[in-house]
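Structural overview for review
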Amino acid sequence: TMVREKYKHFLTIPTRWMDNDVYGHVNNVIYYSWFDTVINEYLIRAGGLDIHNAPVVGFAVDSGCTYKKSFAFPEPVHAGLCVTKLGNSSVRYEVGLFGADDAPDAEPRATGFFVHVFVDRATNKSVPIPASIRAALTAIHV
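Conventions used here
Residues numbered from 1 in each chain as written. Predicted model: local features only at pLDDT ≥ 70, side-chain atom pairs only at ≥ 80, totals over all residues. Heavy atoms only, no water. Helix = DSSP H or I, 4+ residues; strand = E, 2+ residues; numbered from the N terminus. Rg over C-alpha atoms; globule rule 2.2 N^0.38 Å. Buried < 20%, exposed > 50% of the residue type's maximum accessible area, 1.4 Å probe, protein only. Contact = heavy atoms within 4.5 Å. Areas by Shrake-Rupley, 256 points an atom, 1.4 Å probe, with all protein chains shown as cover. Lys, Arg positive; Asp, Glu negative; His and termini not counted. Charge placed at Lys NZ, Arg CZ, Asp CG, Glu CD. Arc of directions from axis to C-beta. Phe/Tyr/Trp six-rings, centres within 6.5 Å; stacked < 30°, edge-to-face > 60°. Disulfide = S-S within 2.5 Å.

Some words on the overall build of the protein chain
A tally of helices and strands in the protein chain yields two helices and five strands. Reading the protein chain from its N terminus to its C terminus gives the helix and strand order β-α-β-β-β-β-α. Its C-alpha atoms give the protein chain a radius of gyration of 15 Å, within 12% of the compact-globule value 14 Å for 142 residues. Referenced to the eigenvectors of the C-alpha coordinate spread, the extents of the protein chain come out at roughly 45 × 30 × 25 Å. Within the protein chain, the fraction of its 142 residues that count as buried is 42%. In the protein chain, of all internal contacts separated by at least 6 residues, the share reaching a separation of at least 24 is 73%. Of the accessible surface of the protein chain, which amounts to about 7,400 Å², a share of 57% is contributed by carbon and sulfur atoms. The distance from the centre of the 13 positive side-chain charges to the centre of the 14 negative ones in the protein chain is 6 Å.

Written as structure tokens, this is what we have:
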């Protein structure tokens, strides 16, 4: 079972009116934008990633999500992040999405994974993860 303590970094993400679908809950595709948000916020803030000028950037190559319980606007999402595999040029993240009012021992409403391969921006060829980013990823590796 995926518990909150597994995740080493958290970001609160607001839901938006437009996230709700005709069934009255957040549509499944929005969850992937939350994965992107928590991962890239962490890379920028903790890893010093310069998204505009960095010579090395992370490209998404694989992702997935398991949905257990829905979210609905206007409730905020607590997105938990950890790294489960750290290679030379790639990293696998796991994300757990919790409701702001969920009990501390509640399971995530959704769990997902996301794989980045770091590439040279000019050539799109994979390269080793830069030291500052590797340090940030190591800090949340479980």
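Once the structure has been displayed, the description carries forward.
Some thoughts on helix α2 (residues 131-139)
When α2 is considered as a whole, its buried residues turn out to be I133, A136 and L137. Viewed along the axis of α2, the buried residues span an arc of 100 degrees, placing them on a single side of the element. With respect to the buried face of α2, the exposed residues turned more than 90 degrees away are A131 and A139. Structurally, α2 contributes buried residues whose contacts are with α1 (28-45), β3 (77-86), β4 (90-99) and β5 (110-120).

What about the packing of aromatic side chains?
Counted according to the given criterion, the structure contains 10 aromatic pairs. When the ring of Y31 is compared with that of Y67, the centres are 4.9 Å apart and the planes differ by 85 degrees; the resulting orientation is edge-to-face. Of the two residues, Y31 is situated in helix α1 and Y67 in strand β2 (residues 56-67); the sequence distance between them amounts to 36 residues. Taking the relative accessible area as the measure of exposure, Y31 reaches 3% and is therefore buried. For Y67, a relative accessible area of 37% corresponds to the partly exposed category. The interplanar angle of 55 degrees and the centroid separation of 6.5 Å between the aromatic rings of Y93 and F114 together place this pair among those described as tilted. Note that Y93 is positioned in strand β4 and F114 in strand β5, a separation of 21 residues in sequence. We note that Y93, like F114, is buried. One aromatic cluster in this structure is built from Y31, W34, Y67 and F71.

Here's the deal with the state of the cysteines
One pass over the full model with this rule turns up zero disulfides. In this model C82 remains outside any disulfide bridge; the closest cysteine sulfur is found in C65, 14 Å from its own. We classify C82 as buried; its relative accessible area is 0%.

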